[in-house]
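One letter stands for each residue in the lines below.
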Amino acid sequence: MLNRLLLIAALLVSSAPVSAHGPTPQKAEEGVVIAATPALVWGMIADFAGLAGWHPLVAACTVAAETASNAERTLTLRDGGMLVESLDELDAGGRSLSYRLIKPNLEAFPVSFYSATLTVSGAPENGSMVRWSARFYRGDTGNYPPETLDDTAAQTAMANFMQAGLAGLKEKMERR
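Quick caveat: nothing in here was measured; it's all calculated off a predicted structure. (Residues numbered from 1 in each chain as written. Predicted model: local features only at pLDDT ≥ 70, side-chain atom pairs only at ≥ 80, totals over all residues. Heavy atoms only, no water.)

1. So, unusual backbone geometry
Heads up, the condition is: What counts as a helix is a DSSP run of H or I of at least four residues, what counts as a strand is a run of E of at least two, and both are numbered from the N terminus. Each residue is assigned to one of three classes by its accessible area relative to the maximum for its type, calculated with a 1.4 Å probe on protein chains only: buried under 20%, partly exposed between the two thresholds, exposed over 50%.
With a phi angle near 60°, Glu125 is a residue other than glycine that sits in the positive phi range. Relative to the elements of secondary structure, Glu125 occurs in the loop between β6 (111-123) and β7 (127-138). You can call Glu125 exposed: its relative accessible area is 82%. Its identity is not glycine, yet Asn126 carries a phi of approximately 60°, on the positive side. The residue Asn126 is located in the loop between β6 and β7 in this model.

Structure follows, in structure tokens:
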């Protein structure tokens, strides 16, 4: 009798409709070798307010609040959208800068949240290797997002932003 009840319960559970679940975190990583010393490249990246000076998709970057342990910047994108980010960590010794999105703008960038890190290390011939990694969630965190706010849209936007930024940094540093 107990075995029969367990069998019935197992059949009921296995025949229950499968429900959708929310988004899973996405990852992106890009890198570039730059013909400039790590110290020079790090000097450019470490300026949290200086992103517009080397990223071709960023028209302006203003820092609203800055303390020894925190900074908040507003990015004005060339297409007119704005994003607000917060500095999480600036490790000069490890040449690493980590930040996160604190105010999304889904019309400008189809990502509801991201955290990202830029690191600079040595490369052959006194060059630099710059890596940009990010973890993020799509713009619409519901179960059935529209194509403009789904995982693919978020992955494409993040990869394009990082690739354009690294290309801009490389161009700026190698022109010096």
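That shown, we press on.
2. Remarks on the pairing of β6
To be explicit about the condition: Only strands that DSSP links by at least two bridges are regarded as paired with each other.
Judged from the five bridges that link them, strand β5 (residues 96-103) and β6 form a sheet pairing that is antiparallel. Counterpart to Tyr99 in the pairing with β6 is Ala116. Both β6 and β7 contribute to a ladder of 12 bridges, which runs antiparallel. Bridge assignment links Gly122 to a residue of β7, and that residue is Ser128.

3. Structural notes on the packing of aromatic side chains
Put simply, the test is: Between the rings of Phe, Tyr and Trp (Trp by its six-membered ring), a pair exists once the centres lie within 6.5 Å; its type follows the angle of the planes, with under 30 degrees stacked, over 60 edge-to-face, and the other angles tilted. Charge over a ring is defined by NZ of Lys or CZ of Arg lying within 6 Å of the ring centre and within 35 degrees of the ring normal.
Scanning the entire structure with this criterion turns up five aromatic pairs. Through a chain of ring-to-ring contacts, the aromatic side chains of Trp54, Tyr99, Phe109, Tyr114, Trp132 and Phe161 assemble into a single cluster. For the cation-ring pair, Arg73 lies above Tyr99, with the distance from its terminal atom to the ring centre recorded as 5.0 Å.

4. Things to note about the confidence of the model for the protein
The test is simple: By definition, pLDDT measures how confident the predictor is in each residue, and it falls between 0 and 100. The contact criterion used throughout is that any non-hydrogen atoms of two residues lie within 4.5 Å.
For the protein, the mean per-residue pLDDT works out to 89, and 85% of the residues sit at or above 70. Note on residues 5-19: pLDDT is under 50 here. Beyond four places in sequence and across chains, it has zero contacts.

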